[in-house]
Amino acid sequence: MEPILIAKGVTKRFGGLVAVNNLDFTIERGSIASVIGPNGAGKTTFFNCITGFYTPEEGKIIFDGREIQGLTPDRVTRMGIARTYQNIRLFSNMTALENIMVGRHPLMHHQWWDAILHTRRYKREEQEALEAARRLLNFVGLQGLGDQLARNLPYGAQRRLEIARALASEPKLLLLDEPTAGMNPQETSEMIRFIRHLRDELGLSILLIEHDMKVVMTISEKIAVMDFGKKIAEGKPEEIQRNPRVIEAYLGRGAASGIKSATATA
Amino acid sequence: MKKRWFILIAVVLLVAVVLAACGKSSYKCEDPYGCVNVAPGQPIKIGAALVLSGPNESLGVDSLGGVEIAVDDFTAANKDWLAKGKHSIQVVKEDSQCSAEGGQTAAQKLAADKSIVGVIGTNCSSAGEPASKILSDAHIPLISPSNTAPSLTAPKTHAECYLRTAHNDKVQGKAVAEFAYKVLGAKTMATIHDGSPYAEQLQQVACDVFKQLGGKCVAQEAINVGDTDMRPVLTKIAASKPDVLYYPIFIQEGALITQQAKEVPGLENTVLMGSDGMISPDFIKAAGKAAEGMYLSGPAAVNNEEFNKKYEAKYGQEPPSAFHLHAYDAATMLLNAIKKVAVVDKDGTIHIPRKALCQALFSTKNFKGLTGTLTCNQYGDCADPKININKIINGKYVPVWPKK
Amino acid sequence: MSEKIKYFLERISWVDIMVWLFGLAILVIAVIGVIGSIHNAYYTKEQWMDFVVFGISQGGVYALIALGYTLVYGILFMINFAHGDIFMAGAFTGYFLAAKLNQYGIYNSHPIISLLLIMLLAMVTSVVVALITERVAYRPLRKAPRLVPLITAIGASFTIEYTFRGLYGSGVEAYPDMKIFVGKTSVLGLRILKVHLLVIILSILLMAALYAYVQYTKAGKAMRAVAEDKDVASLMGVDVDRVIVNTFILGAALAGIAGVLYALIFKQVHFFMGFIPGIKAFTAAVVGGIGNVPGAMLGGFILGIFEALGPGLILEGLGIPASYQLKDVIAFTLLVLVLIFRPTGLMGERLSEEKV
Amino acid sequence: MDSQNTFWKSAVKNGLLAGAIGLYSTLVGLVQAFNKRAVIEQLSLGHITLLLSWGVVAYVFLNHHREAESKGKLIAAGALVGGLGAFLVALLPMTAQWVDYHFVFVHAGPEMYSLLTFGKGPWVGSAMLVAVGALWGVLIALVVSLPTFWRNSVVKAFLITITVGLLSDLFSGMTIGWMFQPFLGVEGLNILGAVLVFGLSIAYDYWSAHRKPKESAEAVATEPTGITKAQLRRMVVGALALVVVAGLPLLLGSYLSHVLNMVGLYTIMGLGLNIVVGYAGLLDLGYVAFFALGAYMMGLLTSTGPLGIAHWTFWEAVPFSILVAMVAGILLGVPVLRMRGDYLAIVTLGFGEIIRILALSNWLKPLIGGAQGILLIPKPPLFGFKIQTPIHFYYLILVGIGLAAFVAYRLRESRLGRAWMAMREDEDVAEAMGIDLVVTKLTAFAFGASFSGLAGAIFASYVGSIFPHSFNLLISINVLSLIIVGGVGSMPGVFVGSLALVGLPELLREFAEYRMLIYGLSLIAMMLLKPEGFWPEPIRKRELREEVGD
């Protein structure tokens, strides 16, 4: 299989802190890949480098054969990468339907004069967008909730709405940042099924960041493990499970850091 | 419920029609602009569109006092004329502010009231521009006590029924320049204005005349209303060492300049001059001792003992600005003209033809007012343009020029 | 080759370039003006120094008011538009005590005590007004969208102004001269008005005290905790309401003192006196980096100096007449310029990328 | 027993509060200033202000305890609150012989004391005042103990009567003013009018409470073919509204039309700022800059005075006014592209001030008139007819509003509109949705500015002369306030907001110096009562609707 995304030697520093250190990673077209690691390992920073929020100091990110590092987020999105956020970031005072329609922004081309004059282009695009939005709403199982304000939706629905919004731009690669965070086991397994369904139905490539080992192990075809900004292991789930460095980094210290983070919020 | 509404409206209509029928009178109005009919027991209404809020409010309060006292005096002097139909004179106040849109709103409101006979106002020329046009269109005369912008009575731009008892800026600016050059012997002059059309115009005229006389205008500076630290601008002016510093602005900023000029090196020998915007007890209070020896130009008639007594008796304070006498004269002129053209019915109804009123005002000649002898020209300038220069001595305004 | 050019073109931020060019253009114009002015040699060296001194003393007042803005903003993320009027309330009320003291001769026989009494009264008045404002207009709306408290703040500003206009009248009242502060003195070879010296020293002392308070006392730490994150702070046992009230008290007390100092420099007080200093102080707080205490001081002084010096130094060199009329243009241009090159103000924390 | 204590304690507390509010309105001068203004026959607004300041406190307090306490006790408490409130106010005239209040409080003088004591001297008069307060409290207690319907109805009728009395002089200025004459005194309503208004209000309440709720059923019933009854009703209502809107100025006369025109101009500006603030979430406090540019452009291009450069007509100049404002919106938008929230607010405020000061400056005086402004701006011609009076302008402004509302509405329902709102909600995420922030922000500024330019152009032609002082910060603040009072992002809200914040203050002109106080207080009150605005943006339902746009 040919790769859809190749990261080569990506490095991102904040002052003295090296958040992502010389990272290499490849995602095959049509696969589900994951990045895992303890808190602060640099996973989200890596995401932000891909989506254009950050410009890596060194290294290349090649998407679909083109270098994308340093491009602005809107350009990256228009090339075919969409994402969700760890702490859901919907447009909370817009309806669910409008949220999805915003996601379709890169596929629409009418200008303000089209909108004022209601030209044919405007009518066609709006009709398409509305239909696509309804379709996606059904696809993620939110039918009937389209006219609700996003902030009034229940938590799980918000997660799915965020994914629907990301899908609206018809991306080739979907980045999911902890899609099961805060979900109970039943919701989690539903989400797993849903992510598989996404790949199988829409033929997307998916990269996810996840904390939940069980999710990662069940769903991923390839896993990279990060610690202190470095990739310490990469491979199939079963390989990762057996890797001693992962066990040490993840379980040994992870438990301790887990306790620390628990006290910090108390 | 709908039925009830209909009944109500029908009743209202009926009552109104009956009342209208009763109001019919024997007088037939032949004035092309129509007449104001004041039924017995009703007041004769005159408007006062003055600045009653904001930073220039003292100007309006001052003029309003003039108008109200004029009304009192007129009422006292014409008891018999008013008594026949049990009339009184009512002053309808409107805040015209010191802006074009304020003047417009006040004028619209007064113009909408068909019982308004004439209006005294406005204070600020910017309010006068639209107000004069609107009221003239409604055939209501407007007489201003303190508009000083030349354009208001210029041949092409004046409004049909607009007059003023205030002097034009050109007169006062000239007086200041002449006093500075001839009496004070100044050779160089600096000016400061505050961005108000009045001050800007006045200092420009003063500068122009001063130059014509042979002097030099070394600096023309400006500040903004609300500024407090005048020392930098004064330092700048000090660098050109003017003989006279003229700032025809208002109390607040004027007092600050007066005080701070004493603290800025280089201005020790500069004579300070201002104009009628600062002729006010408030200015003396705000500027304190620094104001001693300062010269202020203003209408010759500011202190009228008799008027001041009436004012203090009525309002418990001295007139707060310099145009109360102009307002008094404007109102008296208007009331006299009303009396002149009015026709009184047998039942006491007073009919006032509008066009005749306007013509009567324009034909005012040798009217003995408190500001002098007023004669109106064809463009509406009625002022007897006498300007005094006052010196502040022991906290009092003492006229020093022209010598009597 | 063309690949490379394309690569770069795709990554250039045209906005940044435009904005920088805009800033650069202003800077170039300013420099030309400065060169022109210096070339003119219109002012003597003493006069240049005078400008700076005037600027510093005006800046001291700005800084004291700016602290109130910055404290409240740091904690509630709202622009307390009424702060300028809280400043006015103190200064205006202080006048009556000053006048009474002057009437009985205490004003000049015991100047320091008088001054302290007047400041105390001004502080108390400002604090009371600020607390009523907070209780009535801000607290009920703490959970509302951000624009809503902005509007009540504007409403509160008008209300305070016109309340005091109604209470004390619309006229200008003049603080009596305090004899020991009349005249000039000289410090380090600079001629300086005694009032100015007093204002500069007092404002610096107060700011240092405030900084120490916020940095080192327990109450100050609680304040910073609330500023960082209200929810976490309240979980840690900090009484958030109490801290917010404290902040308002602190800001208002400083504004009250600033009011008296202002009245000492400029003598006159009136109901509208808070409006323009309020806006300027807010500008100063933003220039310095809003939410940042030393930033507010720095911003205040810089703004004051630029206002005093700018017209003579920059505009005159460009041949612009009546340059002091455009003083505020300089002040606001300075603001734009600072924000172009440092989007969060001179001492504001850089919006760390981590926050994205 | 304990609860009894707290009841009386809280009654005393409320009495003190009533007194404090009463003292406030007295010392600020409201009572005295309003005393000259009759509302109903001899009852002046000053009296009403005092009564209201005690009454509101008493009413809220008593209403709170209505369920728990007996009627007798309520009456006693009412008397206590009212009496105590009055007593605090009466302290002023009582102690005036020893304390010189006038030294600090300008309004505290013999005139005020005699007003408070009915001219009967400090002791007798104060006793009378306290008695009036107590009686008023009793009256309120009686109203409070009425059944819910009557209580609400009476309070409402009371407030409506006062409002009508307050605004009654407007009726005489109307074209149909003569119809109201029998009910009006020299100032305010006469007794007949007051009784009539009071009665009508109660009657209306009674009617609306007792009518049969059949209409709601009607609205739901759907005809299988074509339009529903509800739709038909909407159409009829719409047509009626159109007739009313078109005929309004003819009915209201020139002054009220003028007030409506000012409301209209602010509505146009509000619609524009609503795009910037309401849709795109960019806090702009310098909106007046574009208003000024539009007005100055109109002035320069059409003026027949010495500053006029082209002597065009209104119609030729309008596009340029709009265009110049639009370009300025983009130019001023560029430096602030990277700024967020409150930084943006202060910088735009600065821009507004810069434009005003430049308009005023000696520097640019040769070009644009400086402090002397631009005079002699002609009125718009229309096929040989001249748009001149406020009534004529009403229609011109109406067209302007229509145009602005049309554009704003259509933009909102487009890709651009959604991009604006997404940006308002979360700028970073919006960018990650493929939205070009630069273009999106600049178009928001450009459209917002162009509406303001249009309003400025009409304003210049309407007033006929423009001065830099007209373009101050207050306008920016006013426009911002009105869109928030109306409901951020809501188009009908803009109109409601300008009616409340521009229309009402115009009607309160006679209170001159107290107008701003009332304005400030009502800004606070409105936001406390309705933080989401009076007419919040409706949620557009479209999941199950088929159509796009129209």
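Every residue gets a number counted from 1 within its own chain, in the order that chain's sequence is written. Throughout, the order in which chains and ligands are written sets their labels, letters from A for the former and numbers from 1 for the latter. The model is predicted, so local features are restricted to residues of pLDDT at least 70 and side-chain atom pairs to those at 80 or more, both for listing and for counting; the totals for chains, interfaces and linings are taken over all residues. Heavy atoms throughout the structure, all of them, feed into the side-chain values; hydrogens and water do not.

Help me understand the overall build of chain C, please; the structure alone is not making it clear to me.
Secondary structure assignment for chain C yields 14 helices and four strands. Within these notes, the globule rule equals 2.2 Å times the number of residues to the 0.38 power, and the radius of gyration is based on C-alpha atoms. Against the globule reference of 21 Å for 356 residues, chain C gives a C-alpha radius of gyration of 22 Å, in line with a compact fold. On the principal axes, the C-alpha backbone points of chain C span a range of 85 × 60 × 40 Å. With 356 residues in all, chain C has 59% of them scored as buried. Put simply, 76% of the contacts in chain C that link residues at least 6 apart link residues at least 24 apart. Accessible area of chain C: about 14200 Å², with a carbon and sulfur share of 70%. The numbering of helices and of strands both runs from the N terminus, where a helix is a DSSP run of H or I of at least 4 residues and a strand a run of E of at least 2. We call a residue buried when its accessible area falls under 20% of the maximum for its residue type, exposed when it is over 50%, and partly exposed in between, using a 1.4 Å probe and counting protein chains only. Here, two residues are considered to be in contact whenever any of their heavy atoms come within 4.5 Å of each other. Accessibility throughout is a Shrake-Rupley quantity obtained with a 1.4 Å probe, and a residue counts as covered only by protein chains that appear here.

Explanation requested: the interface of chain A and chain D in the structure shown.
In many reports, interface size means the accessible area that the parts give up when they come together. Opposite the 43 residues of chain A that make contact, chain D presents 39 residues. Both faces considered, chain A and chain D share a buried interface measuring about 3700 Å² in area, 57% of it formed by carbon and sulfur atoms. Interface area lost by chain A to chain D is led by H105, I116 and D147 of chain A, which between them contribute 18%. The salt bridge definition used is simple: a Lys or Arg side-chain nitrogen within 4 Å of an Asp or Glu carboxyl oxygen. Taken together, the connections running from chain A to chain D amount to three salt bridges. We note a salt bridge from D428 of chain D to R89 of chain A, for which the minimum N-O separation is 3.4 Å. Whenever two N or O atoms come within 3.5 Å, that pair is a polar contact, provided that in protein one can donate a hydrogen and the other can accept it, and provided that, for residues adjacent in sequence, both atoms are side-chain atoms. Across the chain A-chain D interface, the total number found is 14 residue pairs in polar contact (both at pLDDT 80 or more). Secondary-structure elements contributing two or more residues to the side of chain A that touches chain D are α2 (73-79), α3 (96-103), α4 (112-117) and α5 (120-139) of chain A. Note on residue classes: Ala, Val, Leu, Ile, Met, Phe, Trp, Tyr, Cys and Pro are nonpolar, Asp, Glu, Lys and Arg are charged, and everything else, Gly too, is polar. Broken down by class, the residue content of the side of chain A that touches chain D amounts to 19 nonpolar, 15 polar and nine charged. For any pair of parts, buried area is found by adding up, for both, the accessible area (1.4 Å probe) each one loses once the two are put together.

For this particular structure, what's the right way to read the domain arrangement of chain B?
Residues and elements named next belong to chain B. Domain annotation for chain B reports domain 1 (35-166 + 302-385) and domain 2 (170-291). Distance between the C-alpha centres of domain 1 and domain 2: 32 Å. Across the contact, twelve residues belong to domain 1 and ten residues belong to domain 2. Regarding the contact of domain 1 and domain 2, the summed buried area is about 910 Å², with carbon and sulfur atoms giving 69% of it. Of all residues in domain 1, T148, P150 and P320 bury the most surface against domain 2, accounting for 32% of the area lost on that side. Linking domain 1 with domain 2 are zero salt bridges, by the criterion used here. Taken together, the links from domain 1 to domain 2 amount to one residue pair in polar contact (both at pLDDT 80 or more). Marked domain ranges trace back to an automatic or database domain assignment.

Can you help me understand the sheet that holds strand β4 (residues 116-121) of chain B in this one?
All names here are of chain B. A pair of strands counts as paired when DSSP detects no fewer than two bridges linking them. Strand order in this open sheet of five strands is β3-β2-β4-β5-β6, and the pairing throughout is parallel. Two strands close off the open sheet at either side, each with one partner strand: β3 (89-95) and β6 (162-164). Going across the sheet, the axis of each strand differs from the next one's by a mean of 25°, ignoring polarity. In this analysis an axis means a line fitted to C-alpha atoms, helices contributing only their contacting stretch, and an angle means the value between N-to-C directions, from 0 to 180 degrees. Strands β4, β5 (142-144) and β6 of the sheet are contacted by helix α5 (residues 125-137), whose axis makes an angle of about 150° with β5. Each of β2 (44-50), β3, β4 and β5 touches helix α12 (residues 324-341); the most contacted strand, β4, lies at about 160° to it.

In this structure, what is going on with the nonpolar core? I would like to understand it.
Soluble, globular proteins show a tendency: their nonpolar side chains are buried together. One finds L234 and F283 of chain B together with L480 of chain D to be the most contacted residues of the largest nonpolar core, which totals 382 residues. Here this core takes 18 residues from helix α11 (residues 240-266) of chain C, the largest share from any one element. Among the nonpolar cores identified, the runner-up in size contains 47 residues, and A48, V91, A331 and A342 of chain B belong to it. We define the nonpolar core as a collection of buried residues of types Ala, Val, Leu, Ile, Met, Phe, Trp, Tyr and Cys that are connected through side-chain atoms lying within 4.5 Å of one another.

What is the right way to look at the side chain of N292 of chain C in this model?
All names here are of chain C. Considering the arrangement of structural elements, one finds N292 in the loop between α12 (275-288) and α13 (293-315). Of note is the side chain of N292, whose polar atom sits 2.9 Å from the backbone oxygen of M347. Leave out the neighbours within four places in its chain, and N292 touches T70 and M347.

Even after reading the chapter, I still don't get the arrangement of the chains, so can you show me in this structure?
Between chains C and D lies the most contact-rich interface of the five pairs of chains that touch. These two, chain A and chain B, are apart from each other, with no contact and a minimum C-alpha gap of 33 Å.

Mind showing me how you'd approach the packing of helix α10 (residues 229-279) of chain D against helix α20 (residues 491-507) of chain D here?
Each packed pair of helices is defined by two parameters, the angle between the axes and the distance between the axes. Residues and elements named next belong to chain D. For the pair α10 and α20, the least separation of the axes is 8 Å and the interaxial angle reads 140°. Considering the angle they form, α10 stands oblique to α20. Considering only the axes of α10 and α20, their crossing is right-handed. Residues Y255, L256, V259, M262, V263, Y266, T267, G270, L271, N274 and Y279 of α10 lie in contact with α20, whose contacting residues are M491, V494, F495, S498, L499, V502, G503, E506 and L507. By residue class, the composition of the contact of α10 with α20 is 14 nonpolar, five polar and one charged. Roughly parallel means an angle under 35 degrees; roughly antiparallel means over 145; roughly perpendicular covers 65 to 115; every other angle is labelled oblique. Throughout, a crossing is termed right-handed when the near helix is turned clockwise from the far one, and left-handed when it is turned anticlockwise from it by less than a right angle.

Help me understand the state of the cysteines in this model?
Put plainly, two cysteines are in a disulfide when a covalent bond ties their sulfur atoms together. Residue and element names in this part refer to chain B. In this description, a disulfide is simply a cysteine sulfur pair whose atoms lie within 2.5 Å. A full pass over the atoms with the stated rule returns four disulfides over all chains. Covalent S-S linkage joins C161 and C358, the inter-sulfur distance amounting to 2.0 Å. Across the S-S bond of C161 and C358 the torsion is about 135°, and the bridge reads as right-handed. Pair noted here: C161 is in the loop between β5 and β6 and C358 is in helix α13 (residues 354-362), with a separation of 197 residues, a long-range link. The residues C161 and C358 share a single accessibility class, namely buried. Each disulfide pairs two cysteine sulfurs, and for C207 the partner residue is C217, the sulfurs being separated by 1.7 Å. Since a negative S-S torsion denotes a left-handed disulfide, the C207-C217 link at about -80° is left-handed. Taken together, the residues C207 in helix α7 (residues 197-213) and C217 in strand β8 (residues 216-222) connect sequence positions ten residues apart. The class for C207 is buried, based on a relative accessible area of 0%.

Would you mind going over the sheet that holds strand β12 (residues 343-344) of chain B with me for this structure?
Two orientations exist for strands paired in a sheet by backbone hydrogen bonds: parallel and antiparallel. Residues and elements named next belong to chain B. Read from one edge to the other, the open sheet built from three strands follows the order β1-β13-β12, with strand pairing classed as antiparallel. A strand with exactly one partner marks an edge of an open sheet, and here the two such strands are β1 (35-38) and β12. Of the pairings in the sheet, the one linking β12 to strand β13 (residues 350-353) comprises two bridges and is antiparallel in character. Residue pairing for β13: V344 is matched across the bridge by I350. Of the strands in this sheet, β1 and β13 touch α13, which is tilted by about 65° from β13.

Explain the pattern of salt bridges here, please?
Oppositely charged side chains can pair when the atoms bearing their charge come close. All told, the structure shown has 49 salt bridges over all chains when counted by the stated rule. Here R231 of chain B ties to D229 of chain B by a salt bridge, and the two come within 3.7 Å at their closest N and O atoms. Like R231 of chain B, the residue D229 of chain B is buried in the burial classification. It is possible to trace a salt-bridge network through shared partners that takes in E2, R29, D64 and K172 of chain A.

Is there a simple way to explain the interface of chain C and chain D in this structure?
At the junction of the two partners, chain C supplies 59 residues and chain D supplies 52 residues. Overall, the association of chain C and chain D removes approximately 4800 Å² of surface from exposure, summing both partners, and the carbon and sulfur fraction of that is 81%. Joining chain C to chain D, the criterion identifies one salt bridge. Between D16 of chain C and R338 of chain D there is a salt bridge, and its shortest N-O distance comes to 2.8 Å. Where chain C meets chain D, there are seven residue pairs in polar contact (both at pLDDT 80 or more).

Looking at this structure, I do not really get the pairing of strand β4 (residues 58-63) of chain A. What am I missing?
The two faces of the sheet receive side chains in turn, since in a regular strand these alternate between them. All names here are of chain A. Of the strand pairs in this sheet, strand β1 (residues 3-14) and β4 are connected by five bridges, and their pairing is antiparallel. In the strand pairing of β4, K8 is matched with K60. Direction of pairing for β4 relative to strand β5 (residues 66-67): antiparallel, over a ladder of two bridges. Directly across from I62, in β5, lies its bridge partner E67.

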